[in-house]
Amino acid sequence: MNYGQIRKYDIANGNGIRTTVFVTGCTHHCFNCFNGEYQDPNNGKPWTDKETQQVLQYVSDDNVAGLTLLGGEPFQNIDGLLPLVRAVRKAQPEKDIWVYSGYTLDAILKDPKKKELLEECDILVDGLYVEELRDPALRFRGSKNQRIIDIKKTLSSGDVVIAME
Ligand code: SF4
């Protein structure tokens, strides 16, 4: 897995101050993608144990509410991200994990491997970025089709539970 950047403090990608990890590699190719340089999986730097330790240290900061995974496409980097989210869960069980994806919730649930990563996270922001549905007033997402989904409540109830509008 390659990554483009790690931010210790980020307020744009989820609730509160968050540590964010931008992986590279995304085949969705949304028009006007907000991070076009992260579509190429060869961009960025290889993820190593040093980066995992750095993220664990960042998330342990009292100011940090949790971890957010974005990119690129996290669900095209599952093997690299699963050990990271499990390590964060173990070290900081009270902090939450958000994950962004160009895939819809339905598409993720149909793929056991993608579902495995989903189940390790608390909030999913799903769907492609659609330029025609862009709305700058939206919180934590770019276009109106994207949803902020409470993963645990959705999986336990069987209905999509929106965490915030
Ligand atoms: S899913 Fe995200 S990273 Fe991938 S092309 Fe669309 S906006 Fe860009």
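Above this text you will find the structure in question.
The model shown is predicted, which means the values in this text are computed figures rather than measured ones. (Residues numbered from 1 in each chain as written. Predicted model: local features only at pLDDT ≥ 70, side-chain atom pairs only at ≥ 80, totals over all residues.)

J.: What exactly am I supposed to notice about the overall build of the chain here?
T.: The secondary structure content of the chain amounts to 5 helices and 7 strands. Helices and strands appear in the chain in the N-to-C order β-β-β-α-β-α-β-α-α-β-β-α. Each of the three principal axes of the chain carries a C-alpha extent, and together these read 40 × 35 × 30 Å. Within the chain, the proportion of its 165 residues that are buried is 35%. Taking all contacts inside the chain whose residues are at least 6 apart in sequence as the whole, residues at least 24 apart take part in 62%. (Helix = DSSP H or I, 4+ residues; strand = E, 2+ residues; numbered from the N terminus. Buried ≥ 20, exposed ≤ 12 C-beta atoms within 10 Å, placed from the backbone. Contact = placed C-beta atoms within 7 Å.)

J.: Would you take a moment to explain the pairing of strand 5 (residues 96-100) for this structure?
T.: Every other side chain in a regular strand lies on the same face of the sheet, so the side chains alternate between the two faces. Among the 5 residues in strand 5, 4 count as buried, and that is most of the element. As paired elements, strand 4 (residues 66-70) and strand 5 share 4 bridges and run parallel to each other. Looking at strand 5, one finds that Thr68 is bridged to Trp98. A crossover connection joins strand 4 to the parallel strand 5 through helix 2 (residues 78-91); in handedness this β-α-β unit is right-handed. (Pairing = 2+ DSSP bridges. Right-handed = clockwise from strand over helix to strand, strands pointing away.)

J.: Can you walk me through the nonpolar core in this structure?
T.: Soluble globular proteins tend to bury their nonpolar side chains together. Grouped together as the largest cluster of nonpolar side chains are 34 residues, with contacts concentrated most on Cys121, Ile123 and Leu124. Setting aside its immediate chain neighbours within four residues, Ile123 contacts Gly14, Asp96, Trp98, Ile148, Ile149, Asp150, Ile151 and Ala163. (Core = buried A, V, L, I, M, F, W, Y, C linked by C-beta atoms within 7 Å.)

J.: Teacher, can you tell me more about helix 1 (residues 49-59) here?
T.: For an α-helix the count is 3.6 residues per turn, leaving residues at separations of three or four pointing the same way. Considered for burial, the residues of helix 1 that qualify are Val55, Tyr58 and Val59. Looking straight down helix 1, one finds that the buried residues subtend no more than 90° of arc, so they occupy a single side. Turned more than 90 degrees away from the buried face of helix 1, the exposed residues are Asp49, Lys50, Gln53 and Gln57. Where helix 1 is buried, its residues touch strand 1 (2-10), strand 2 (18-23), strand 4 and helix 2. (Arc of directions from axis to C-beta.)

J.: What is the right way to look at the sheet that holds strand 6 (residues 123-126) in this model?
T.: The pairing of strands in a sheet comes from backbone hydrogen bonds and takes either a parallel or an antiparallel form. Reading across the sheet, the 7 strands line up as 3-1-2-4-5-6-7 and stay open at both edges, with mixed pairing between neighbours. The open sheet has two edge strands, strand 3 (45-46) and strand 7 (147-150), and neither has a second partner. Against the sheet, helix 1 engages strand 1, strand 2 and strand 4, with an angle of about 15° to strand 1. (Axes fitted to C-alpha atoms, helices over the stretch in contact; angles between N-to-C directions.)

J.: Which parts of the structure should I look at to understand unusual backbone geometry?
T.: Most peptide bonds take the trans configuration, and most residues that are not glycine carry a negative phi. Residue Gly72 is reached from Gly71 by a cis peptide bond, and omega for that bond is 10°. Structurally, Gly72 is set in the loop between strand 4 and helix 2. Phi is positive for His29, close to 50°, though the residue is something other than glycine. With respect to the helices and strands, the residue His29 is situated in the loop between strand 2 and strand 3.

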